[in-house]
Amino acid sequence: MTGPTPNQYVDVTPVFDRKVEALRIHTSQTAHFDDLAGLLRTWLGEHATAGGLPAGRMAEAFQIVHID
């Protein structure tokens, strides 16, 4: 996840609200963000754009590494 050269994008738009709620449980890691949902919306929106998804979608970005 968030590798230097992502090559796989997963649309998380349908589960975005659940994602935010799950991350909010980790207060030691997320409580300092005034607008966690807004930050994620921006970040995941950029990933979606890079992955060629339609406007308004949000995506997680992964780097798949094939090992032969």
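Residues numbered from 1 in each chain as written. Predicted model: local features only at pLDDT ≥ 70, side-chain atom pairs only at ≥ 80, totals over all residues. Heavy atoms only, no water.

## Topic: the side chain of Thr13
Positionally, Thr13 belongs in the loop between strand S1 (8-11) and helix H1 (16-25). Polar contacts involving the side chain of Thr13 include one to the main-chain amide nitrogen of Met58, which spans 2.7 Å. Contacts of Thr13, omitting those with residues within four sequence positions, involve Gly56, Arg57 and Met58. (Helix = DSSP H or I, 4+ residues; strand = E, 2+ residues; numbered from the N terminus. Polar contact = N/O pair within 3.5 Å; in protein donor to acceptor, adjacent residues only side chain to side chain. Contact = heavy atoms within 4.5 Å.)

## Quick notes on the environment of Tyr9
Tracing the backbone through its elements, the reader meets Tyr9 in strand S1. Taking C-alpha positions, Tyr9 is 13 Å from Trp43, a pair spaced 34 residues apart along the chain. Contacts of Tyr9, omitting those with residues within four sequence positions, involve His47, Ala50, Gly51, Ala59, Glu60 and Ala61.

## As for the side chain of Glu60
Relative to the helices and strands, Glu60 resides in strand S2 (residues 59-62). Judged by relative accessible area, Glu60 falls into the buried class, the value being 8%. (Buried < 20%, exposed > 50% of the residue type's maximum accessible area, 1.4 Å probe, protein only.)

## Structural notes on the pattern of salt bridges
Under the defined criterion, the tally for this structure stands at three salt bridges. Among the salt bridges present, the one from Asp11 reaches Arg57, with a minimum N-O distance of 2.9 Å. Note that Asp11 is positioned in strand S1 and Arg57 in the loop between helix H3 (36-50) and S2, a separation of 46 residues in sequence. The partly exposed category is assigned to Asp11, whose relative accessible area is 29%. (Salt bridge = Lys/Arg side-chain N within 4 Å of Asp/Glu carboxyl O.)

## Points about H3
End to end, H3 covers 21 Å across 15 residues, agreeing with the expected 21 Å (1.5 Å per residue, within 8%). Within H3, burial applies to Leu36, Ala37, Gly38, Leu40, Leu44, Gly45, His47 and Ala48. In this structure, the buried side of H3 is in contact with S1, H1, helix H2 (27-30) and S2. (Expected span 1.5 Å × (residues − 1).)

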